[in-house]
Protein chains: 4
Amino acid sequence: MRRHSYRPMNTFGKHLTLTTFGESHGPAMGGVIDGFPPGFKVDFDTLYSEVAKRRPGSSPLVTARNEKDIPEFLSGISPEGITLGSPIGFIVRNSDHHSSDYDEMAGKYRPNHADYTYISRYGIRDHRGGGRSSARETVNWVVAGALASQWLESKGIKIETVLSQVGSVSAGNLFDGLMTAPEEHSTMKVNPQISLAMEEEVKITKKAGDSVGGKVSCLITGLPAGIGSPVADKLHSALAAAMMSINAAKGFEYGLGFRAAESNGSATADLFMQKEHPESPLRTSTNYSGGIQGGISNGMPIFFSVAFKPTPTLMMPLDTVDISGNATVLRPAGRHDPCVAVRAVPVVKAMAALVIADFMV
Amino acid sequence: MRRHSYRPMNTFGKHLTLTTFGESHGPAMGGVIDGFPPGFKVDFDTLYSEVAKRRPGSSPLVTARNEKDIPEFLSGISPEGITLGSPIGFIVRNSDHHSSDYDEMAGKYRPNHADYTYISRYGIRDHRGGGRSSARETVNWVVAGALASQWLESKGIKIETVLSQVGSVSAGNLFDGLMTAPEEHSTMKVNPQISLAMEEEVKITKKAGDSVGGKVSCLITGLPAGIGSPVADKLHSALAAAMMSINAAKGFEYGLGFRAAESNGSATADLFMQKEHPESPLRTSTNYSGGIQGGISNGMPIFFSVAFKPTPTLMMPLDTVDISGNATVLRPAGRHDPCVAVRAVPVVKAMAALVIADFMV
Amino acid sequence: MRRHSYRPMNTFGKHLTLTTFGESHGPAMGGVIDGFPPGFKVDFDTLYSEVAKRRPGSSPLVTARNEKDIPEFLSGISPEGITLGSPIGFIVRNSDHHSSDYDEMAGKYRPNHADYTYISRYGIRDHRGGGRSSARETVNWVVAGALASQWLESKGIKIETVLSQVGSVSAGNLFDGLMTAPEEHSTMKVNPQISLAMEEEVKITKKAGDSVGGKVSCLITGLPAGIGSPVADKLHSALAAAMMSINAAKGFEYGLGFRAAESNGSATADLFMQKEHPESPLRTSTNYSGGIQGGISNGMPIFFSVAFKPTPTLMMPLDTVDISGNATVLRPAGRHDPCVAVRAVPVVKAMAALVIADFMV
Amino acid sequence: MRRHSYRPMNTFGKHLTLTTFGESHGPAMGGVIDGFPPGFKVDFDTLYSEVAKRRPGSSPLVTARNEKDIPEFLSGISPEGITLGSPIGFIVRNSDHHSSDYDEMAGKYRPNHADYTYISRYGIRDHRGGGRSSARETVNWVVAGALASQWLESKGIKIETVLSQVGSVSAGNLFDGLMTAPEEHSTMKVNPQISLAMEEEVKITKKAGDSVGGKVSCLITGLPAGIGSPVADKLHSALAAAMMSINAAKGFEYGLGFRAAESNGSATADLFMQKEHPESPLRTSTNYSGGIQGGISNGMPIFFSVAFKPTPTLMMPLDTVDISGNATVLRPAGRHDPCVAVRAVPVVKAMAALVIADFMV
């Protein structure tokens, strides 16, 4: 157990904050949203449907774990559904425990999971589940993100996320159009054939007891220029930190991203275009910057991608060690998604909404 | 000028904090390091030489701007060079102003620079330089990072950074060995031929008045298991936020990175190896995780890469608009590096040191 | 509604944090305790009895509102009662709403209450109760403080609070002995006669439909030297901020307090005494400093007092204005304590425990 | 040296922050003001004269230490004196070291000073001065506070501070008029006879080699209603924390203060008065609340007092112990003010300005 064990570590945001709690196999998940603007009318139907998208069991591609996942709001919203400016407390009950699925794991470290690192950090671990390392935590983010999304939409800011890669199946470079002809590409479309191929890839992987990585891409439109800061609070730095907080995330890029490393400046300069009316916002002819220059939004669409590793749990025996460091074999049980990226699609959207709202309130 | 203009935004870190100030064309840069452990003997020679590595004019590859860049320490260190536990204040004078170089920019927005976004944010801008968006700010980070590096080295933690790509010239996949045979690869080596080719690429680009992107890679060894947190304070999330704070950064990946998206779980599982002695730390046979699992270090080496876009300033005329939104042409002046990634090598190291030290104090 | 409406404002502490939520007439109060040390065995019986001490209806002196106030813990504690190092989420249901008592207040500003300031701040207010300004919020603090107290006691740190004044009835100067002969006074004792006189004062006031102020005093023993910081994080500054967060608090003093203003340095110097054994902690012969010198504990007992104003609600008609600013008369309803200081006794203890634990974790 | 040694502890404020550094006997004091609004024209003459008021040697009542105390601004302000929205870095050189005055203290703990607590905290101490515990630090606050005051005055908010007590000489209850007839008392006036008597008290005390306590009172006018928060960020809690950060402060009270403990609610209710015009702000007939209700300003003047202990340094031999805990006698040297409250007058103003500005930006 390390000295810094006590570093507070469950709060996202600076002005609009989300503080969360909950173990996957405890009674409930939950959180406190502080700094949400007063006087906003919440649309609960939309909110519940956003939360449902994340739910395990919501598609044949994802784990069969069956949680109702209806958040209970305990404060901060009047009976009429109007936000009060006070903190919004909510809980989501954990209704479907199969702790016995985890018996196999009691004394063994699962490869690529956080079991070993978690116990190195805290000195104690509840082996009935992933504790705070479980993706169950993301239900808290999706609840808060759904509120933030609604509020942003009321300001004309829209956030879209899509699954853009599963293993060898890729949506091609979704960003090409967004970068070279931004005015003609105000939404992200994945070819339906490719979506089907991704589904197929997930099914094949599942059948093989294996898992596969993926990529999620995000487009934010309607954000005005001037959001972000030039040094320690850059908009893309906040987005990167949020995205890399999502379970299994391995990489983040925005605008030209990693392709920037091989590019020339003359070919990727976003030139400002003459304004048609003095009042219209300034636009650039291309958008290699991905809508952010010097850490501050420039009014063009923001887009970024997040890479996810394959789900660490495999439906095959794996060599590992027990907590004494002796070789053993892990025979997995439980129910798991073969492709964590699939379930990350609404989570990336939620985290993006929280970041943008944090800068906008 | 936006409502959130006043969001504090010049402090890095939570426990070991660096708060900075300075405009590139003002009298001085500087900062306050708070939370640095007391009783540590500073090696100033090493510190000055670390800072010198970042200095413009330190190599034929980088801009000719000539700054001495000797930090003056004003507090927190005794006359004998021992840290006192109190905040370490320092300044670095700006000795070499050529504000007239910037006259051309007074009323025009430079493409791909932060000029327009900066004024959207603050409503005021000192056109004599990049203000807080200038890479001059990184001198503050390198001073603080050099102190943090020394302290980390005294704990056995070592941070290496290398230039791993310039345009089409790449160091190959430096990470292959680090991932598949981590015990045999405890340092990053770039083939000297490739280093020369990178230099050549920079020179050619410079001669053409153009600029080019690049990539910097980082290896951290000696970090014990248990550093980081499972939710909002993940170690790789903090690293990503810090790296994406560096001027011109466009992407971040660690361990398997973006290749994770196309990988299978069975081929990239880091299996724990039986301990040789009960007291020895646990190791994994491969290191696709890049030393971090669930946001917490696992004792294996940490490695990551950062992509940088080409320097936005070009030595060629560029179409742009003036501050009224009318078309004009920018004829650049001033002195600039064609490849910002070259100068980012010590900056990535400094920021990594600050992040790791922030978790270790 | 002011620009800074969104300033996050429901979190106490820096390392051990408590983030709370709940309106007095909503479904539940609750909070998240982050940074609580792992591996601590919670004594729930003691905890529930601490929380019960604060409960309305727990004594003839306080309001008849009947809340069970059994906190439900949702995370961070294992089924065996061991803390996990993860955030401890809890809720306390609001079981006894009599919103109709508040009808009278719907369109009127109650004098000395936060009605008018609250609506100036948020632009919206749920008139069914005091919203976040209600003393109901303190149940969250007492739950968290009871956990903190237990942990501190396991480290040998003990916190006592007593009611030391009600209107004209005062416990005399409790601090005289603590200051002049600290070694002989390791606890605070209020003469039972005086306690009875205080009770009488409360009853008489209640019968008259009036309210009365009071004072609560606190003694902390067992805290080692070296806790606190010399500038912005002084121990007594943190205590003052916490105490002044308690509803109706009007003043804070520690050690010699306001009497310091009329004292001479030669008469109030706490002289260090020769150590009996080299290993024993340093002691002072007197303790005018109240255990804190330069913002840092010196190992002597800490003591302070907090003054509370009379409960603003009176059981008599009061001139006021309606929300349009027109004169009207408020005819109070609802149930209220005549002396808020009585109920502040466990709250002062809880807040002191949270502050000290925040510095100790 | 304690585990939490590294808690960052030199930053005040949340939105407008001041991060400071400097040892009294090091090369310079200094700070970084972050979050200051852009576009404000600084009046440097007024600023320098505010800073000069704090300066040692500015009056016969205070220590002869002679510092020029001209702050050097290094960033955040344009050459034309306009704030840029970027962090304002400044330093104040320490010009007048007499470290030899401190030789006597090298191995001894001064009673009532922070010597012993400081070394308990950090394990290291520079005996050439008070380190971070020295009142020299307040020069940083006064520089930043003078900027904040100017900005507040441009918004119609005015802060006054006076010395209201020295030992047995008191300005009577300055607050009586402010509380009972607030509209007639828009400024604080101390009878000139009483001011002279206070001066006399200081001189007599100095001649006797003794020291004496005092009290400083503060009045803030022009603050609109709605500033502050109802729970963890109460306006008076922030004021208390700031005031208790000032060296030698022992108590804080606002509005009715400690007198509240002995008052009845019926006699101290601030009744709202009918508005004369619908647009005019709401006023109360009395102001026992001191301008704050439920942690939020109500538009009435704010007033509070701070008690200060006598200067701990005495010009007479004092029994103490050396760092090994053996009895010895301290023979003081150096130059010190007998009444620290005198010099606190501009410091209370500066800290109040920083707090109010922090809520207003």
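Residues numbered from 1 in each chain as written. Chains lettered and ligands numbered in written order. Predicted model: local features only at pLDDT ≥ 70, side-chain atom pairs only at ≥ 80, totals over all residues. Heavy atoms only, no water.

**So, the overall build of chain A**
What counts, and what does not: By the criteria applied, helices consist of DSSP H or I runs no shorter than four residues and strands consist of E runs no shorter than two, each listed in order from the N terminus. Our radius of gyration is a C-alpha quantity, and the globule rule it is checked against amounts to 2.2 Å times the number of residues to the power 0.38. Using a 1.4 Å probe on the protein chains alone, a residue whose accessible area is under 20% of its type maximum counts as buried, one over 50% counts as exposed, and one in between counts as partly exposed. The contact definition used throughout considers only heavy atoms, calling two residues in contact when any of these lie within 4.5 Å.
In terms of regular secondary structure, chain A is built from 7 helices and 16 strands. A compact globule built from 361 residues would reach a C-alpha radius of gyration of about 21 Å, and chain A, at 21 Å, matches this within 12%. With respect to the three principal axes, the spread of C-alpha positions in chain A is 70 × 50 × 40 Å. Within chain A, the fraction of its 361 residues that count as buried is 67%. A sequence separation of at least 24 residues applies to 73% of the contacts in chain A between residues at least 6 apart.

**Considerations on the sheet that holds strand S2 (residues 17-21) of chain D**
All names here are of chain D. Spelled out, the test is: Two strands qualify as a pair provided that DSSP identifies no fewer than 2 bridges between them.
Spatially, 5 strands are ordered S1-S2-S3-S5-S4 in an open sheet, and the strand pairing comes out antiparallel. Edge positions in the sheet fall to strand S1 (11-12) and strand S4 (72-73), since each of these pairs with one other strand and no more. Where strand S3 (residues 28-34) and strand S5 (residues 88-93) come together, 6 bridges link them in antiparallel fashion. For Met 29, the partnering residue across the bridge sits in S5 and is Val 92.

**Let's talk about the pairing of S2(D)**
All names here are of chain D. Within S2, 5 of the 5 residues are buried, which leaves the element mostly enclosed by the surrounding structure. Of the two faces of S2, the one holding Thr 17, Thr 19 and Phe 21 and the one holding Leu 18 and Thr 20 are both buried throughout. The sheet contact formed by S1 and S2 spans 2 bridges and is antiparallel. By the bridge assignment for S2, Thr 11 is matched with Thr 19. Linking S1 back to S2 in an antiparallel pair, the connection comprises 4 residues, with Gly 13 at a positive phi of about 90 degrees.

**Considering unusual backbone geometry**
A positive phi angle, close to 80 degrees, is found at Ala248(A), a residue other than glycine. Along the chain, Ala248(A) turns up in the loop between helix H6 (235-243) and strand S9 (249-254).

**Quick notes on the interface of chain D and chain C**
How big an interface is tends to be reported as the loss of accessible area on association of its parts. Formally: Accessible area that two parts lose when put together, evaluated with a 1.4 Å probe and summed over both, is termed the buried area. Any N or O atom pair separated by 3.5 Å or less is treated as a polar contact, with the protein-specific requirement of one donor-capable and one acceptor-capable atom, and with residues adjacent in sequence counted only for side-chain atom pairs. The residue classification treats Ala, Val, Leu, Ile, Met, Phe, Trp, Tyr, Cys and Pro as nonpolar and Asp, Glu, Lys and Arg as charged. All others, Gly included, are polar.
If you look at the interface, chain D gives 108 residues, while chain C gives 108 residues. Around 8200 Å² of area is buried between chain D and chain C when both sides are counted, 57% of it from carbon and sulfur atoms. Counting across the chain D and chain C interface gives 45 residue pairs in polar contact (both at pLDDT 80 or more). Looking at the side of chain D that touches chain C residue by residue, the classes come out as 46 nonpolar, 42 polar and 20 charged. In this structure, strand S9 (residues 249-254) of chain C lies alongside strand S9 (residues 249-254) of chain D, joined through 3 bridges in antiparallel fashion. Bridged to Gly251(C) within S9(D) is Glu253(D).

**Looking at the state of the cysteines**
The line we're drawing: Any cysteine sulfur atom paired with another within 2.5 Å is treated as part of a disulfide.
Tallied over the full model, the rule gives 0 disulfides over all chains. With no disulfide of its own, Cys218(A) has Cys339(A) as its nearest cysteine by sulfur position, at a separation of 17 Å.

**Section: the interface of chain B and chain A**
On the side of chain A, 108 residues touch chain B, which itself brings 108 residues to the contact. Of the roughly 8200 Å² buried where chain B meets chain A, counting both sides, 57% is carbon and sulfur surface. Summed over the shared surface of chain B and chain A, the result is 45 residue pairs in polar contact (both at pLDDT 80 or more). When the residues that make up the side of chain B that touches chain A are grouped by side-chain class, the tally is 46 nonpolar, 42 polar and 20 charged.

**Topic: the nonpolar core**
What counts is decided by this rule: In this text, buried Ala, Val, Leu, Ile, Met, Phe, Trp, Tyr and Cys residues form a nonpolar core when linked through side-chain atoms within 4.5 Å.
With 176 residues, the main nonpolar core has Phe252(C), Phe304(C), Phe308(C), Phe252(D), Phe304(D) and Phe308(D) as its most contacted residues. Ignoring sequence-local partners within four residues, the contact set of Phe304(C) consists of Phe175(C), Val216(C), Ser217(C), Cys218(C), Ile220(C), Leu239(C), Met243(C), Phe252(C), Glu253(C), Tyr254(C), Val348(C) and Ala352(C).

**What about the relation of the copies chain D and chain C?**
Operational definition: Least-squares fitting of one copy onto the other uses the C-alpha atoms of those residues that reach a pLDDT of at least 70 in both copies.
For the pair chain D and chain C, the relating rotation is 180 degrees, the translation along its axis is 0.0 Å, and the fit reaches an RMSD of 0.0 Å. One copy is carried onto the other by what is essentially a two-fold rotation axis.

**Description of the sheet that holds strand S6 (residues 158-166) of chain B**
On the basis of which strands lie adjacent, the open sheet formed by 10 strands has the order S7(A)-S6(A)-S8(A)-S14(A)-S9(A)-S9(B)-S14(B)-S8(B)-S6(B)-S7(B) and antiparallel pairing. Sheet topology places strand S7 (169-170) of chain A together with strand S7 (169-170) of chain B at the edges, where each strand pairs with a single neighbour. As paired strands, strand S6 (residues 158-166) of chain A and strand S8 (residues 214-221) of chain A are joined by 8 bridges and run antiparallel to one another. Bridging across to S8(A), Glu160(A) finds its partner in Leu219(A).

**Comments concerning the relation of the copies chain B and chain A**
Superposing chain B onto chain A takes a rotation of 180 degrees plus a shift of 0.0 Å along the axis, which leaves an RMSD of 0.0 Å. Of the residues that chain B buries at the interface, 100% are likewise interface residues in chain A, meaning the two copies contact each other through the same surface.

**Some details on the packing of aromatic side chains**
To keep it simple, the criterion reads: Each Phe, Tyr or Trp ring, with Trp reduced to its six-membered ring, pairs with another whose centre is within 6.5 Å; inter-plane angles below 30 degrees give stacked pairs, above 60 give edge-to-face pairs, and intermediate values give tilted ones.
Per the counting criterion, the structure on display carries 50 aromatic pairs over all chains. Centre to centre, the rings of Tyr109(C) and Phe272(D) are 5.9 Å apart; their planes meet at 55 degrees, and the pair counts as tilted. Of this pair, Tyr109(C) sits in the loop between strand S5 (88-93) and helix H2 (115-122) while Phe272(D) sits in strand S10 (residues 272-273), each in a different chain. Judged by relative accessible area, Tyr109(C) falls into the buried class, the value being 7%. Its relative accessible area of 5% is what places Phe272(D) among the buried residues.

**A closer look at the confidence of the model for chain A**
All names here are of chain A. Formally: Scored from 0 to 100, pLDDT records how confident the predictor is in each individual residue.
Averaged over every residue, the pLDDT of chain A is 90; residues scoring 70 or more account for 90%. Within the model, the stretch residues 1-6 combines pLDDT values under 50 with 30 contacts to residues more than four positions away or in other chains. Taken together, the chains of this predicted complex give a pTM of 0.95 and an interface ipTM of 0.94.

**Here's the deal with helix H3 (residues 138-154) of chain A**
Residue and element names in this part refer to chain A. Filter applied, for reference: To estimate the expected span of a helix, count its residues, drop one, and scale the result by 1.5 Å.
With 17 residues, H3 should cover 24 Å at 1.5 Å per step; its first-to-last C-alpha distance of 24 Å lies within 8% of that length. Where burial is concerned, most of H3 is hidden: 15 out of the 17 residues are buried. At the C-terminal side of H3, Gly 156 shows a positive phi close to 85 degrees.

**Thoughts on the pattern of salt bridges**
Which entries qualify depends on this criterion: Salt bridge, as used here: a side-chain nitrogen of Lys or Arg that lies within 4 Å of a carboxyl oxygen of Asp or Glu.
One pass over the structure, following the stated rule, counts 44 salt bridges over all chains. Put simply, Arg132(B) and Glu137(B) hold a salt bridge, and the shortest N to O gap is 2.7 Å. Here Asp337(B) ties to Arg343(B) by a salt bridge, and the two come within 3.0 Å at their closest N and O atoms. Here the two residues Asp337(B) and Arg343(B) agree in accessibility, since each one is buried. Here the residues in one salt-bridge network are Glu50(A), Lys53(A) and Lys349(A), joined through shared partners.

**Regarding the packing of helix H6 (residues 235-243) of chain D against helix H7 (residues 340-360) of chain D**
All names here are of chain D. Under the convention used in this document: Axis lines are fitted through C-alpha atoms, for helices just across the contact stretch, and the angle between N-to-C directions can take any value from 0 to 180 degrees. Crossing handedness: left-handed means the near helix sits turned counterclockwise from the far one by under a right angle, and right-handed means the same turn made clockwise.
Running from N to C, H6 and H7 cross one another at 145 degrees; their axes reach a closest spacing of 9 Å. H7 is crossed by H6, and the crossing has right-handed handedness. Seen from H6, the contacting residues are Leu 235, Ala 238, Leu 239, Ala 242 and Met 243; seen from H7, they are Val 348, Met 351, Ala 352, Val 355, Ile 356 and Phe 359. Here the contact of H6 with H7 is built from residues that sort into 11 nonpolar, no polar and no charged.

**Section: H7(D)**
In plain terms, the rule: The bend reported for a residue corresponds to the angle between axes fitted to the seven residues ending at that residue and the seven starting there.
Compared with an ideal rise of 1.5 Å per residue, which puts 21 residues at 30 Å, H7(D) spans 30 Å between its outermost C-alpha atoms and is within 8% of the ideal. At Pro346(D), H7(D) shows its maximal bend, which comes to roughly 35 degrees.

**Re the environment of Cys339(B)**
All names here are of chain B. By secondary structure assignment, the location of Cys 339 is in the loop between strand S16 (327-330) and helix H7 (340-360). With relative accessibility at 0%, the residue Cys 339 sits in the buried group. Distance from Cys 339 to Phe 308, taken between C-alpha atoms, is 8.7 Å for residues 31 residues apart in sequence. Leave out the neighbours within four places in its chain, and Cys 339 touches Val 166, Val 202, Val 212, Gly 213 and Thr 311.

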